Amino acid sequence: MRSAILLAGISLAALTATAAPAHAATGLVDGSVTASGTTCSWTNATTSDVPPNTLIVDHTTVRPTCDGSVTVTLSASPTVTFNDAAGTASSPRIDVSATAPIVGTCTYRVTNATVTRQGTGRTYTGSGLTATETSNRFLCPDTQTIDSVSFTFH
């Protein structure tokens, strides 16, 4: 039951909220999220710009594949800001729906998420993020800890 909810952080790839200028170059992001032993990953989701510029991840292009019987969808297109001096990427709000047999669909929000850049490239990792349930369904855990996340912008 918890595995269905754990993936609420999957939208973490979309990490703060301004529209990109019309001249901005589009980019792509690959990601992986693991919680309670279940992993979801995706490749080539479209972004409105490239780091270190603030960008928006198009939620319709994040199509995660999860092990087991969990399905996850990003509910909105979150934005990502980058702080190259600190080596971080962050998002104020990420909304996700997770569906599993018996449990059904639960909705979650990750707030003020920050992940850390690895080396000098555009791969960011993090752990210990908390997804809080927003659907108020009886079978949905109130919170879910995200064990690990990894995102690569290209």
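This text follows the structure it describes.
Residues numbered from 1 in each chain as written. Predicted model: local features only at pLDDT ≥ 70, side-chain atom pairs only at ≥ 80, totals over all residues. Heavy atoms only, no water.

Student: Any details on the packing of aromatic side chains? Residues and values, ideally.
Tutor: Following the criterion strictly, the structure yields four aromatic pairs and no others. Relative to Phe153, the ring of Phe82 lies with its centre 5.2 Å away and its plane at 85 degrees, an arrangement referred to as edge-to-face. One end of the pair, Phe82, is in strand E6 (residues 79-83); the other, Phe153, is in strand E12 (residues 148-153), with 71 residues separating them in the sequence. This pair shows no difference in class: Phe82 is buried, exactly as Phe153 is. Plain terms: the ring middles of Tyr124 and Phe153 are 6.0 Å apart, the flat faces sit at 80 degrees to each other, and that makes the pair edge-to-face. Placement of the pair is Tyr124 in strand E9 (residues 123-126) and Phe153 in strand E12, with a sequence separation of 29 residues. With a relative accessible area of 0%, Tyr124 lands in the buried category. Residue placement shows Arg122 over the ring face of Phe82; its charged tip is 5.8 Å from the ring centre. (Phe/Tyr/Trp six-rings, centres within 6.5 Å; stacked < 30°, edge-to-face > 60°. Helix = DSSP H or I, 4+ residues; strand = E, 2+ residues; numbered from the N terminus. Buried < 20%, exposed > 50% of the residue type's maximum accessible area, 1.4 Å probe, protein only. Lys NZ or Arg CZ within 6 Å of the ring centre and 35° of its normal.)

Student: Any chance you could break down the pattern of salt bridges for me, citing the residues and the numbers?
Tutor: Taken as a whole and assessed by the stated rule, the structure comprises four salt bridges. The partner of Asp84 in a salt bridge is Arg122, and the shortest N-O contact between them spans 2.8 Å. With a gap of 38 residues between them, Asp84 in the loop between E6 and strand E7 (88-100) and Arg122 in the loop between strand E8 (104-117) and E9 connect regions that are remote in the sequence. One salt bridge connects Arg93 with Asp95, and the closest N-O pair in it is separated by 3.0 Å. (Salt bridge = Lys/Arg side-chain N within 4 Å of Asp/Glu carboxyl O.)

The values are spatial; any link to function lies outside them.
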